[in-house]
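Residue-level structure breakdown
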Protein chains: 2
Amino acid sequence: MATLKYSRQRESIKEFLVGRTDHPTADFVYENMKQIYPNISLGTVYRNLSLLADLGEIQKLSSFGGADRFDARTTPHCHFMCTRCGRVMDVFSEHIDRSLEDIAADFKDGQISDYKARFFGICNDCLSKEDTH
Amino acid sequence: MATLKYSRQRESIKEFLVGRTDHPTADFVYENMKQIYPNISLGTVYRNLSLLADLGEIQKLSSFGGADRFDARTTPHCHFMCTRCGRVMDVFSEHIDRSLEDIAADFKDGQISDYKARFFGICNDCLSKEDTH
DNA sequence: CTTAGTGCAAAAGTTTTGCAGCGAT
DNA sequence: ATCGCTGCAAAACTTTTGCACTAAG
């Protein structure tokens with residue numbers, strides 16, 4: 001087991017993610033980190049995102065089609081992706097948690113320990129733009 | 001709109017997927033197609049898988065970590081992935097469909113039209129191997 | 001001093017695409 | 001004859017990794 005050492009890059013990446021409600025990709029995090037650390041490398045961003053995910057401090061969302069996205073919310077929740085603008089939003093619901101537990105209990109071919117649910121559709125912003133036609 | 005033309009490659013790819021209950025990657029389909037068409041290209045496999053998915057004849061599963069997987073089942077269902085051996089299995093349940101309507105009704109930031117749920121855990125095969133220790 | 005973390009660059013893995021020729025209609 | 005599909009290869013895109021060096025403990 002490697003002993004964890006402090007790194008200012010990792011702290012900034014975590015802090016950046018906590019301050020956002022969208023769900024940035026690694027490359028987007030990288031572009032923003034360059035404003036603080038002009039020489040930071042994309043590899044460092046990936047390594048830290050991966051490390052933070054392993055520690056359970058952030059969540060890796062694989063995936064909504066393209067690059068993976070990252071989410072600093074630790075409370076269990078689901079995600080909604082707008083198929084028009086690509087935005088990813090949080091979805092909180094007791095319905096899903098209850099029914100997913102029912103499914104886990106019903107499943108006979110293995111032992112379910114985790115689940116992820118994603119929803120697709122059109123977000124309100126895109127719907128209102130559509131109305132103007 | 002392009003008019004669809006018959007292609008024996010596409011037909012074989014579809015047929016191959018229909019005959020399987022696992023959820024092969026594009027590369028796995030490619031390797032198997034080479035036994036029928038030794039000169040088939042990976043690009044052709046990707047193009048046909050993408051086309052079949054657009055037609056709704058197959059489903060593209062993005063993703064379970066690595067490469068996308070493909071599924072010829074058209075009836076709505078969810079997926080379970082064994083985190084030990086990587087196998088992906090189908091999950092059928094009425095629970096999920098019932099709760100989807102509830103969630104869609106609750107969600108205020110957009111209009112939900114589709115969902116995908118994935119479950120993670122250990123499959124029975126891997127559990128029984130574990131017992132022998 | 002020890003070793004985890006970093007920047008850089010190359011590589012690996014997955015998917016898309018430009019193009020010239022082939023094949024279905 | 002038209003134009004969608006193919007094989008091939010190159011490119012694009014995302015993520016990982018080897019290495020020498022820096023910095024935290």
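Anyway, here's the lowdown on the structure attached to this text.

Criteria and thresholds
Residues numbered from 1 in each chain as written. Chains lettered and ligands numbered in written order. Predicted model: local features only at pLDDT ≥ 70, side-chain atom pairs only at ≥ 80, totals over all residues. Heavy atoms only, no water. Core = buried A, V, L, I, M, F, W, Y, C linked by side-chain atoms within 4.5 Å. Buried < 20%, exposed > 50% of the residue type's maximum accessible area, 1.4 Å probe, protein only. Contact = heavy atoms within 4.5 Å. Least-squares fit on C-alpha atoms with pLDDT ≥ 70 in both. Near = heavy atom within 4 Å. Polar contact = N/O pair within 3.5 Å; in protein donor to acceptor, adjacent residues only side chain to side chain. Helix = DSSP H or I, 4+ residues; strand = E, 2+ residues; numbered from the N terminus. Nonpolar A, V, L, I, M, F, W, Y, C, P; charged D, E, K, R; others polar. Axes fitted to C-alpha atoms, helices over the stretch in contact; angles between N-to-C directions. Parallel < 35°, antiparallel > 145°, perpendicular 65-115°, else oblique. Left-handed = near helix turned anticlockwise from the far one by under 90°. Pairing = 2+ DSSP bridges. Buried area = accessible area lost by both parts, 1.4 Å probe. Salt bridge = Lys/Arg side-chain N within 4 Å of Asp/Glu carboxyl O.

Counting residues in hydrophobic clusters, the biggest one holds 32 residues, and the most contacted among them are Phe80(A), Ile96(A), Phe119(A), Phe80(B), Ile96(B) and Phe119(B). When residues no more than four places from it in sequence are discounted, the contact partners of Ile96(A) are Cys78(A), Ala117(A), Phe119(A), Ile96(B), Ser99(B) and Ile103(B).

Of the transformation superimposing chain B on chain A, the axial component is 0.1 Å and the angular component is 180°, with the fit at an RMSD of 0.3 Å. The relationship between the two copies is best expressed as a two-fold rotation axis. Identified as the residue of chain B closest to the rotation axis by C-alpha distance is Ala117(B), at 2.1 Å. Both copies contact each other with a shared surface, as 100% of the interface residues of chain B are interface residues in chain A too.

Around DNA strand D sit 22 residues, and of these Arg8(A), Tyr46(A), Ser7(B), Arg10(B) and Thr44(B) come closest. Of all atoms in DNA strand D that approach within 4 Å of the protein, 72% are sugar or phosphate atoms. Interatomic distance of 3.2 Å between a backbone N/O atom of Ser41(B) and a phosphate oxygen of DNA strand D. Note that a base nitrogen of DNA strand D is positioned 3.2 Å from one of the side-chain N or O atoms of Arg47(B). Where the surface near DNA strand D is concerned, the elements lending two or more residues are α3 (42-54) of chain A together with α1 (8-18) and α3 (42-55) of chain B. Element by element, the count of residues in the surface near DNA strand D is highest for α3(A), at four residues. Per-class residue counts for the surface near DNA strand D are seven nonpolar, eight polar and seven charged.

What follows deals with the packing of helix α1 (residues 8-18) of chain A against α3(A). Residue and element names in this part refer to chain A. For the pair α1 and α3, the least separation of the axes is 10 Å and the interaxial angle reads 70°. Comparing the axis directions of α1 and α3 gives the class roughly perpendicular. Classified by chirality, the crossing of α3 by α1 is right-handed. From α1, Gln9, Arg10, Ile13, Lys14 and Leu17 reach across to α3, where they touch Thr44, Val45, Asn48, Leu49, Leu51 and Leu52.

All right, on to the sheet that holds strand β3 (residues 78-82) of chain A then. In space, the six strands of this open sheet follow the order β4(A)-β3(A)-β5(A)-β5(B)-β3(B)-β4(B), with mixed pairing throughout. Strands at the two margins of the open sheet, each flanked by one partner only, are β4 (88-91) of chain A together with β4 (88-91) of chain B. When strand polarity is set aside, the average angle formed by the axes of neighbouring strands in this sheet is 30°. Bridge count between strand β5 (residues 110-123) of chain A and strand β5 (residues 110-123) of chain B: 13 bridges; the pairing is antiparallel. Looking at the pairing, Gly110(A) lines up with Cys123(B) of β5(B). Strands in contact with helix α4 (residues 94-106) of chain A are β3 and β5 of chain A together with β4 and β5 of chain B; relative to β5(A), the strand with the most contacts, it is inclined by about 140°. Contacts from helix α4 (residues 94-106) of chain B reach β4 and β5 of chain A together with β3 (78-82) and β5 of chain B within the one sheet, and its direction differs from that of β5(B) by about 140°.

If you look at the interface, chain B gives 33 residues, while chain A gives 33 residues. Roughly 2,900 Å² of surface becomes buried between chain B and chain A when both sides are summed, with 58% attributable to carbon and sulfur atoms. The three residues of chain B that bury the most area against chain A are Ile103(B), Arg118(B) and Phe119(B), which together make up 20% of that side's buried surface. On the surface where chain B and chain A come into contact, there are zero salt bridges. Elements with a contribution of two residues or more to the side of chain B that touches chain A: β4, α4, β5 and α5 (124-131) of chain B. For the side of chain B that touches chain A, the element with the highest residue contribution is β5(B), accounting for 14 residues. When the residues that make up the side of chain B that touches chain A are grouped by side-chain class, the tally is 15 nonpolar, ten polar and eight charged.

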